[in-house]
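Here is what each chain is made of, one letter per residue.
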Amino acid sequence: MTQAKALIIPVTPFQQNSTLLWCEATKRAVAIDPGGDLADIERAITQANVAVDKIWLTHGHVDHVAGAAALKARLQVPIEGPHRDDLFLLEHVVESARNFGMQDAANVTPDRWLEDGDQVEVGELTFDVLHCPGHSPGSVAYFNPAERLAIVGDVLFAGSVGRTDLPGGDRRRLFRSIRDKLLPLGDDVAIISGHGPTTTIGRERAANPFLQQTAVASR
Ligand SMILES: [Zn+2]
Ligand SMILES: [Zn+2]
């Protein structure tokens, strides 16, 4: 990573990795998955001394999106993503948050839905949008080829993969997304997941037990 910088802020009782990502050349930033604990996210913005232009969402689960509407109102910036297939989740954020005892949640209406092959920008950085259904139907990953960096939400974790037992989850689609969209990005690509430590495509291809079992890694 050279021009892309990131600060990871674990938020909500789910320790979701809300990520402040910015272009070092321009100090323009995007707040990814502001699931809650907005004071912590705003502290990171101040600390990094950047200006947030956008909010990006990887998917519609409550721990990733519950604070998005409030942050949008505070910063006056648009929300981009996820894919429209997560609309049913974004329309029920309040209900879902209540079930988990989370405060201050609001339903989300993205300003821009994303499709596979779209591109999104922050400062001078351009990220490709990869539609990666399976964990949720509308999950997307953001990939910057030059920086060798991908933000993958809950599709792939260090040593694990996203759960598929929630509404709209589909195990076969998840493994197809990982095999066809993420693994081909290249072993040197760093990934920021929705939970847990950062890792690389290569490390997961070699050692992630879920990928070994299903022979996903050996294409
Ligand atoms: Zn999720
Ligand atoms: Zn999550």
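One structure accompanies this document, and this report is about it. (Residues numbered from 1 in each chain as written. Chains lettered and ligands numbered in written order. Predicted model: local features only at pLDDT ≥ 70, side-chain atom pairs only at ≥ 80, totals over all residues. Heavy atoms only, no water.)

## Some words on the pattern of salt bridges
When the charged atoms of two side chains with opposite charge come close together, those side chains can pair. Applying the stated criterion to the full structure yields eleven salt bridges. Between glutamate 80 and arginine 112 there is a salt bridge, and its shortest N-O distance comes to 3.7 Å. In this pair, glutamate 80 sits in strand β5 (residues 79-80) while arginine 112 sits in the loop between α5 (93-99) and β6 (119-122), placing the two residues 32 residues apart along the sequence. With a closest N to O distance of 2.8 Å, arginine 179 and aspartate 180 form a salt bridge. Owing to a relative accessible area of 33%, arginine 179 belongs among the partly exposed residues under this scheme. (Salt bridge = Lys/Arg side-chain N within 4 Å of Asp/Glu carboxyl O. Helix = DSSP H or I, 4+ residues; strand = E, 2+ residues; numbered from the N terminus. Buried < 20%, exposed > 50% of the residue type's maximum accessible area, 1.4 Å probe, protein only.)

## Re the sheet that holds strand β1 (residues 4-11)
Pairing between the strands of a sheet comes from backbone hydrogen bonds, and it takes one of two forms, parallel or antiparallel. Read from one edge of the open sheet, five strands run β1-β2-β3-β4-β5, paired in mixed fashion. The open sheet has two edge strands with one neighbour each: β1 and β5. In this structure, β1 lies alongside strand β2 (residues 16-23), joined through eight bridges in antiparallel fashion. Within β2, the position partnered with isoleucine 9 by the bridge is serine 18. This element, helix α1 (residues 38-48), spans β1, β2 and β4 (51-56) of the sheet and lies at about 155° to β1. The strands touched by helix α3 (residues 68-75) within the sheet are β3 (28-32), β4 and β5, with β4 carrying the most contacts at an inclination of about 150°. (Pairing = 2+ DSSP bridges. Contact = heavy atoms within 4.5 Å. Axes fitted to C-alpha atoms, helices over the stretch in contact; angles between N-to-C directions.)

## Some details on the sheet that holds strand β9 (residues 149-153)
Read from one edge to the other, the open sheet built from six strands follows the order β6-β7-β8-β9-β12-β13, with strand pairing classed as mixed. Of all strands in the sheet, those with a lone pairing partner are β6 and β13 (199-200), marking the two edges. Taken together, the two bridges between strand β12 (residues 190-193) and β13 define a ladder with antiparallel strand orientation. Bridge pairing in β13 links alanine 190 to threonine 200.

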